[in-house]
Amino acid sequence: MTSFTFQANTLTCSGIPLDDIGRQCGTPAFIYSEESLQRNISVLKSAFGERGIHVSYAMKANSNLAILGMMRAAGFGVDIVSGGELYLVDAAGFTGKDISFAGMGKTREEMVAALKAEVAQFNVESAFELEMLNQAAEKLGKKPDVLLRLNPDIDAQTHPKITTGLRENKFGMPAEEVFKHFLSREKYPHLNFVGIHCHIGSQILKPLPFIDLVDYLVKYTARLEAAGARITKVDLGGGFGVDYETPFRDILETTPFLGEIADYAAEKLGHYQLYIQPGRVLVANTAVLLTRVIGLKHNDLKTFVVVDGAMTDMLRPSLYGAYHALIPTTRDSGKMTVDVVGPVCETGDYFAHNREISTVEQNDFIALGSAGAYGYVMASTYNARPLAPEILIQSEGSIKIIRQRQTYADFLALNS
Ligand SMILES: Cc1ncc(COP(=O)(O)O)c(C=O)c1O
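Residues numbered from 1 in each chain as written. Predicted model: local features only at pLDDT ≥ 70, side-chain atom pairs only at ≥ 80, totals over all residues. Heavy atoms only, no water.

Here D19 lies in helix α1 (residues 18-25). As a buried residue without a salt bridge, D19 has its nearest oppositely charged side chain in R23, at a separation of 4.5 Å. Within the local environment of D19, its side chain forms a polar contact with the side chain of T330, the two groups lying 3.5 Å apart. Beyond its immediate chain neighbours, meaning those up to four positions away, D19 contacts T329, T330 and F365. (Helix = DSSP H or I, 4+ residues; strand = E, 2+ residues; numbered from the N terminus. Buried < 20%, exposed > 50% of the residue type's maximum accessible area, 1.4 Å probe, protein only. Lys, Arg positive; Asp, Glu negative; His and termini not counted. Salt bridge = Lys/Arg side-chain N within 4 Å of Asp/Glu carboxyl O. Polar contact = N/O pair within 3.5 Å; in protein donor to acceptor, adjacent residues only side chain to side chain. Contact = heavy atoms within 4.5 Å.)

With that settled, the discussion passes to the pairing of strand β4 (residues 29-33). In terms of residue burial, β4 counts as a mostly covered element, since five of its five residues are buried. Residues A29, I31 and S33 of β4 are buried on one face, and the alternating residues F30 and Y32, pointing to the opposite face, are buried as well. Inspection of the sheet shows β4 paired to strand β13 (residues 287-298) by four bridges, in the antiparallel sense. In the sheet register, A29 faces β13, and the bridge partner there is L290. One ladder, built from four bridges, connects β4 with strand β19 (residues 390-393); its direction is parallel. Residue pairing in the sheet places S33 in a bridge with I393 of β19. (Pairing = 2+ DSSP bridges.)

Before going further, it helps to spend a moment on the sheet that holds strand β12 (residues 273-276). The eight strands lie next to each other as β5-β6-β7-β8-β9-β10-β11-β12, forming a closed barrel whose pairing is parallel. Each neighbouring strand pair of the sheet contributes to a mean axis angle of 30°, computed without reference to strand direction. Two elements, strand β9 (residues 145-149) and strand β10 (residues 192-197), share five bridges in a ladder whose sense is parallel. In the strand pairing of β10, R149 is matched with H197. Contacts from helix α6 (residues 127-140) reach β8 (121-124), β9 and β10, with the element oriented near 150° to β8. (Axes fitted to C-alpha atoms, helices over the stretch in contact; angles between N-to-C directions.)

Parsing the protein into structural domains produces domain 1 (4-32 + 285-412) and domain 2 (34-282). At the junction of the two partners, domain 1 supplies 28 residues and domain 2 supplies 25 residues. At the boundary of domain 1 with domain 2, total buried surface from both sides reaches about 2,400 Å², with 54% on carbon and sulfur atoms. It is N285, Y320 and Y374 in domain 1 that bury the most area against domain 2; as a group they hold 27% of the surface buried on that side. (Domains from an automatic or database assignment. Buried area = accessible area lost by both parts, 1.4 Å probe.)

Put simply, helix α8 (residues 208-226) and helix α10 (residues 258-269) touch, their axes get as near as 10 Å, and they point 10° apart. With respect to their mutual orientation, α8 and α10 come out roughly parallel. Packed against α8, whose contacting residues are F210, I211, V214, D215, L217, V218 and T221, the element α10 presents E260, I261, Y264, A265, K268 and L269 at the interface. Residue composition of the contact of α8 with α10, grouped by class: nine nonpolar, one polar and three charged. (Parallel < 35°, antiparallel > 145°, perpendicular 65-115°, else oblique. Nonpolar A, V, L, I, M, F, W, Y, C, P; charged D, E, K, R; others polar.)

Another aspect to go through is the nonpolar core. Core analysis: the biggest nonpolar cluster contains 106 residues, and L44, F48 and M71 have the highest contact counts within it. If one sorts the elements of this core by residue count, α8 sits on top with six residues. Residue contributions to this core reach at least three from each of two domains, namely domain 1 (4-32 + 285-412) and domain 2 (34-282). The contacts of L44, once residues within four sequence positions are left out, are G49, V55, F76, I251, L258, I276, P278, V281 and L282. Counting residues in each nonpolar core, the second largest holds 18 residues, with L18, A29, L290 and I391 among its members. (Core = buried A, V, L, I, M, F, W, Y, C linked by side-chain atoms within 4.5 Å.)

Here we come to helix α7 (residues 175-183). If you check which residues of α7 are buried, you get A175, V178, F179, H181 and F182. Summarising the axial view, the buried residues of α7 lie within an arc of 165°, below the 170-degree limit, and thus occupy one face. Looking at the packing, one finds that the buried side of α7 touches α6, β9, β10 and α8. (Arc of directions from axis to C-beta.)

With that out of the way, let us pick up the pairing of strand β6 (residues 77-80). Alternating residues of β6 divide into G77 and D79 and V78 and I80, and every residue in both groups is buried. Bridge analysis of strand β5 (residues 53-58) against β6 gives three bridges, and the strand direction is parallel. Looking at β6, one finds that Y57 is bridged to V78. With helix α3 (residues 65-73) bridging β5 and its parallel neighbour β6, the resulting β-α-β unit is right-handed. Sheet topology places β6 next to strand β7 (residues 99-101); three bridges connect them, and they run parallel. For D79, the partnering residue across the bridge sits in β7 and is S100. Regarding topology, helix α4 (residues 83-91) serves as the crossover connection from β6 to the parallel β7, and that connection is right-handed. (Right-handed = clockwise from strand over helix to strand, strands pointing away.)

Before going further, it helps to spend a moment on the sheet that holds strand β3 (residues 16-17). Spatially, the three strands line up as an open sheet ordered β1-β2-β3, and their pairing is antiparallel. The open sheet has two edge strands with one neighbour each: β1 (4-7) and β3. As judged from the four bridges shared by β1 and strand β2 (residues 10-13), these two strands associate in the antiparallel manner. The partner of T5 across the bridge, within β2, is T12.

Here it is, written out as C-alpha cells:
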C-alpha cells in the first residue's frame, strides 16, 4: 500500500484530500508521497542493500532534487546518463564515488566533466566511446574504472519500446565484441577495465529474465577470467516493473521476487562487487498527476473528458500506448465510458481511450496513477504549456512545493 487512500469517498495522500491540494496549488500538478517513497527505499534496501548489493538509483526516472536528496540520505548511489544529470546530482550533494555514468552516446564534454568529478565508473557501450574516453582520460591524467555494457540478447518479455537487451536494440555491445575489448585492453592504457554491465529492459514483472541474466553472467565472467581478464564489478542494471493497473499497490506485492533475485545474484556472483540500477520501481507509485476536468464533449460515438493535464505532462500513453490508471478523486457510484484527453493540438494527446471511470463533471479532479517515474522528466512545453509543479506531501502531512510551476515569463528567458 502507498499512502494514497480513499477516505469517505475522497482520495487523500497522507490524510490530505487531493482536491484541497488541487484547489490550493492549481493543476496539472505532480503530487508525491514522502511516506511511499520511504517505503520503497526501505524495500530496496532490505532486498539488495542487506545482501551486499549496491543500489544505484537510475535518476532518469525522476530527477527532482528533493527526490535525489532522499535517495542520497538512504545511502544509495546514483546512475546518470548525461552531463545534465551529472550537474543535478552534484547539486543534490552526491560525490563522484556515488556516481556511475551510463548512456550510449556520451559526448567528449560530458566525459571530461565526469572525469573531473571523479565518477566511480563509466559504463561504456561502444568502441568509439572507449577511444574517446581513453583520450580524455589521458589529457586529464586520470584512469577511470570502466565496465563494458554487454547486450546479452535476453528477452525481458516487456514492451518493445522499453526492451534493451536484444541484439536488435541500440544498447550495449555483442558478447564477442566485449570479449575482444577486454582482451585488447592494453590499447586503452588510460582506462581500468573492471567489469561488465547489462540492462535488459524496463517494466519487467517476472524474475526469470533476471535469473537468466545472472546465469549468463556467471558463464561469461568465467570465460573472460579464464582468458586472463580480471573482473571486480558486475552491474545488473535496473528494470523492475510496477503495477500500472493498481497504482497504489505496494512494490513488494508487484515484484515479490526482489529478494529472490538478490539471493541468487549474491550466491552466484557474490565474489564481485554487485550493483543494480533501479529507477521506476523506486518512484512510480509514489506520485499521481492531478488534473482538473475542463469540460465534457460528446459526439455520436464518444464522450471526451477534456482535462488540463496533457501529453506534455505525462507522455507515456502517447509515446508507448502505456496504461495509466485514471482515478476521479471523488468516488461516485455512477460509471461512464470515455476518452480522457488533454487540450494539446495532437490526436495523440490522450490518457485513455474507451475507459470506464467513475462519473465526473466539469471542474472535478482526476488523478493519473503511477506518475512518479518517467513523468515530469519527459515533460515538454509544447503548445507553450508551462511545466507542472511538483508537490511533496511530507510524512507528517504537510505540503511542500519541491518544484514551482513554470511561468509564461520563463518561456522568454532563453530567447534572444
Ligand atoms: C542503463 C539503465 N539502467 C537503469 C535503467 C532504469 O530502468 P528502470 O527504471 O526500469 O528500473 C535504465 C532505463 O532505461 C537504463 O537504461
